[in-house]
Amino acid sequence: MGLFSRFSKKSSAEKIDDTVDEERDVDDVATEDTEAEESTDIDSDEAEPSDADNSTDDEDAAEDEDVDELDEDALLEKSAPYDRSEKGPFDASEDYPELNRLDLGALKVPVVDGMQVRLDTDDESQRVLAVTLIHEGGGIQLQAFATPRSEGLWNTVRKQLASGVTSQGGEASELHTALGRELAVEVPAKTEDGRPGKRDMRFAGVDGPRWFVRAVFSGKAVTNDEIRSELSALFRGVIVDRGQEAMAPRELIVLTAPEVNGDSETEDEDKDELNPFERGPEITEVR
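Report on the accompanying structure. Every value quoted in this text rests on a predicted model; they were computed, and no experiment measured them.

**Comments concerning the pattern of salt bridges**
Stage number 1. Enumeration according to the criterion identifies 12 salt bridges in this entry.
Stage number 2. Linking K108 and D103 is a salt bridge whose minimum nitrogen-to-oxygen distance equals 3.6 Å.
Stage number 3. Accessibility expressed as a relative area gives 18% for K108, which makes it buried.

**Notes on the pairing of strand β5 (residues 128-135)**
Stage number 1. With seven of eight residues buried, β5 is to be regarded as a mostly interior element.
Stage number 2. Of the strand pairs in this sheet, strand β4 (residues 116-121) and β5 are connected by six bridges, and their pairing is antiparallel. Opposite D120, over in β5, you have A130 as the bridge partner.
Stage number 3. Pairing of β5 with strand β6 (residues 138-146), which is carried by five bridges, proceeds in the antiparallel orientation.

**What to know about the nonpolar core**
Stage number 1. Of all hydrophobic cores here, the largest spans 34 residues; its most connected members are L107, V109, V131, L142, F217 and F235.
Stage number 2. At the level of secondary structure, the elements contributing two or more residues to this core comprise β3 (107-110), β4, β5, β6, β9 (196-208), β10 (211-219), α5 (220-223) and α6 (225-236).
Stage number 3. Once you skip the residues sitting within four places of it in the chain, V109 turns out to touch N100, R101, L102, L104, V131, L133, L142 and V238.
Stage number 4. In terms of nonpolar packing, the next biggest core, distinct from the first, is built from 15 residues, L129, W154, F212 and L252 among them.

**Considering the sheet that holds strand β1 (residues 90-91)**
Stage number 1. The strand order β1-β11-β3-β2 describes an open sheet built from four strands, whose pairing is mixed. Edge positions in the sheet fall to β1 and β2 (101-103), since each of these pairs with one other strand and no more.
Stage number 2. As paired elements, β1 and strand β11 (residues 239-240) share two bridges and run parallel to each other. Note on β11: the bridge partner recorded for D91 is V240.

**Considerations on a negative patch on the surface**
Stage number 1. Taken together, the side chains of D71, E72, D73 and E77 present a region of like negative charge at the surface.
Stage number 2. Position of D73 relative to the elements: it lies in helix α2 (residues 51-76).
Stage number 3. Residue D73 is classed as partly exposed on the basis of its relative accessible area of 47%.

**A few points about the pairing of β6**
Stage number 1. Of all nine residues in β6, nine are buried, a share of seventy percent or more.
Stage number 2. Burial along β6 is two-sided: G138, I140, L142, A144 and A146 facing one way and G139, Q141, Q143 and F145 facing the other are all buried.
Stage number 3. Connecting the antiparallel pair β5 and β6 is a turn made up of two residues, with E136 showing a positive phi of about 55°.
Stage number 4. Two strands pair when backbone bridges link them, and β6 and β10 are joined in this way by nine bridges, in the antiparallel orientation. Bridge pairing links Q141 to V216 in β10.

**Concerning the side chain of T156**
Stage number 1. Mapped onto the fold, T156 is located in helix α4 (residues 154-167).
Stage number 2. For T156, a relative accessible area of 15% gives the class buried.
Stage number 3. Non-local contacts of T156, meaning those with residues more than four positions away in its chain, are made with L75 and R250.

What counts as what
Residues numbered from 1 in each chain as written. Predicted model: local features only at pLDDT ≥ 70, side-chain atom pairs only at ≥ 80, totals over all residues. Heavy atoms only, no water. Salt bridge = Lys/Arg side-chain N within 4 Å of Asp/Glu carboxyl O. Buried < 20%, exposed > 50% of the residue type's maximum accessible area, 1.4 Å probe, protein only. Helix = DSSP H or I, 4+ residues; strand = E, 2+ residues; numbered from the N terminus. Pairing = 2+ DSSP bridges. Core = buried A, V, L, I, M, F, W, Y, C linked by side-chain atoms within 4.5 Å. Contact = heavy atoms within 4.5 Å. Patch = residues over 30% accessible without salt bridge, like charges linked within 9 Å, V, L, I, M, F, W, Y side chains within 5 Å. Areas by Shrake-Rupley, 256 points an atom, 1.4 Å probe, with all protein chains shown as cover. Lys, Arg positive; Asp, Glu negative; His and termini not counted. Charge placed at Lys NZ, Arg CZ, Asp CG, Glu CD.

Printed below as a string of structure tokens:
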């Protein structure tokens, strides 16, 4: 059965730095970029350093430059499970198992009975920014982004997420799982009665051929291993269709909402009359 509801998200997201997370109140915390600003102005009245000082400074600068280059090279490396090409997430050009999948254009996501599929869309541009799979009280939000063929994004994004969370008073720690390197975060949030509290979330990322998929686990998918395992399996079954068009690195790959018409709804109603206890995936479009 299809169920579409509305939810406003006013600002569009074309880059990964501005993307929407599953919970609106942690969006700014979880996706905030941190940039170090250095002043290069030198007071002309300051005394010039001695030759010895210059030599030491030059050596230190050279060492720092080497470290920075190494760090930058490491950040640009692709990060993915070692068996990604065999167990997913899959590229559309690769061999993949046949599953019941919902076609959202750039992402083909597996669906199971009783699962709800929520589409997160931009209210102004009407674009689908993300898809969230909700099952047994747990959720996983998926977004796809363009990357260069030889470079990855997850190492850089993971570092930016950790910096953004800690700068806002939260906590972030890296974990090694079957999905590769994940980021477990604890972000400030208000409880139902308005008191200060915290919310737990898990971020995972997979770099593929010319694409990167970010996953955000929330709800019971963070605290319940069984539910998390089920949603992780769905993530591994995703097919990414990047397309051949030129895209800037980090550019969001917009998804396509599935078509729902009156005829299909009528057919679903007829099926429900024949078997009222049969329940399939539900689709909620959130704007």
